[in-house]
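Reading the structure
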Amino acid sequence: MIVFDLRCPAEHVFEIWFASSEAFEDQRRKGLIACPICGASDVAKAVMAPRVSPKGDRAATPSPAQVKQALATLAAAQAKALEGSRWVGSRFAEEARSMHLGEREHAAIHGQATPAEAKALVDEGVPVAALPFATQGPETLN
């Protein structure tokens, strides 16, 4: 795994992990990477300071139990954020676009979208965000 600092045209800098440099280039070329702040998909690598490990005391690697707890906390936060949100399944792109265009009343929804559908929504200015955990219908992972 490799981490890159990325920058969008609005100068937002954010960090993403990739399997390799080639994976980053492939995802960038396909427009699958978007700025989490403004949604712009025209991102580039930002200047990064080299990561040099200090000698001597090093930060402890989290234990499996700590990782499990952190993931459980994130899943609980997602479940709370989705309270009152309606599951729309594979109709997510259609529903989100309809609300954005004023064809139906705005409401909190969540569902599934292909990478191409998600990119099209972002390109059209529809405010969307990926969830860290998949949802399984109306309920979320606990």
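Quick look at the pattern of salt bridges now. Using the criterion set out here, one finds nine salt bridges in the structure. For the salt bridge of Arg7 with Glu11, the shortest nitrogen-to-oxygen distance reads 3.1 Å. Take Arg7: its relative accessible area is 31%, and that puts it in the partly exposed class. Note that Lys119 and Asp123 form a salt bridge whose closest N and O atoms lie 2.8 Å from each other. Linking Lys119 with Asp123, this pair stays in helix H4 (residues 115–123), spanning four residues, or about one helical turn.

Right, let's talk about the layout of surface pockets for a bit. Here the largest pocket defines a volume of roughly 1200 Å³. Lining the largest pocket are 39 residues; nearest its centre among them are Ala118, Val128, Ala129, Ala130 and Leu131. When contributions to the lining of the largest pocket are tallied by element, the ones reaching two or more residues are helix H3 (92–100), strand E5 (109–111) and H4. Sorting elements by how many residues they give to the lining of the largest pocket places H4 first, with five residues. Of the residues assigned to the lining of the largest pocket, the class counts are 28 nonpolar, ten polar and one charged.

As a further point, take the sheet that holds strand E2 (residues 13–18). As a general point, the strands of a sheet are linked pairwise by backbone hydrogen bonds and lie either parallel or antiparallel. Within the open sheet, the three strands sit side by side as E2-E1-E3. Their pairing is antiparallel. Because the sheet does not close on itself, it has two edges, and the strands there are E2 and strand E3 (44–45).

Our focus in this paragraph is the packing of aromatic side chains. Taken as a whole and judged by the stated rule, the model has three aromatic pairs. Aromatic side chains Phe4 and Phe18 sit 6.0 Å apart centroid to centroid with 40° between the ring planes, which places their arrangement in the tilted category. Here the residue Phe4 occupies a position in strand E1 (residues 2–7), and Phe18 occupies one in strand E2, the gap between them amounting to 14 residues. Residue classification places Phe4 among the buried residues on the basis of a relative accessible area of 7%. According to the relative accessible area criterion, Phe18 is buried, its value standing at 2%. A ring pair is formed by Phe18 and Phe24, whose centres lie 5.2 Å apart and whose planes are at 75°; its orientation type is edge-to-face. The exposure class of Phe24 is buried, given its relative accessible area of 1%. These aromatic residues form a ring-pair network of at least three members: Phe4, Phe18 and Phe24.

A few words on the pairing of E1. Here six bridges tie E1 to E2, and the two strands are oriented antiparallel to one another. Of the residues in E2, the one forming a bridge with Asp5 is Glu15. Hairpin connection of E1 to E2: five residues between the antiparallel strands, including Glu11 at a positive phi of 70°. One ladder, built from two bridges, connects E1 with E3; its direction is antiparallel. Directly across from Leu6, in E3, lies its bridge partner Lys45.

Thresholds, definitions, all that
- Residues numbered from 1 in each chain as written.
- Predicted model: local features only at pLDDT ≥ 70, side-chain atom pairs only at ≥ 80, totals over all residues.
- Heavy atoms only, no water.
- Salt bridge = Lys/Arg side-chain N within 4 Å of Asp/Glu carboxyl O.
- Buried < 20%, exposed > 50% of the residue type's maximum accessible area, 1.4 Å probe, protein only.
- Helix = DSSP H or I, 4+ residues; strand = E, 2+ residues; numbered from the N terminus.
- 1 Å grid on protein atoms, 1.4 Å probe; cavity = no way out; pocket = protein on both sides within 12 Å on 5 of 7 lines; lining within 4 Å.
- Points joined across faces, edges and corners; volume = space filled by probe spheres on them.
- Nonpolar A, V, L, I, M, F, W, Y, C, P; charged D, E, K, R; others polar.
- Pairing = 2+ DSSP bridges.
- Phe/Tyr/Trp six-rings, centres within 6.5 Å; stacked < 30°, edge-to-face > 60°.

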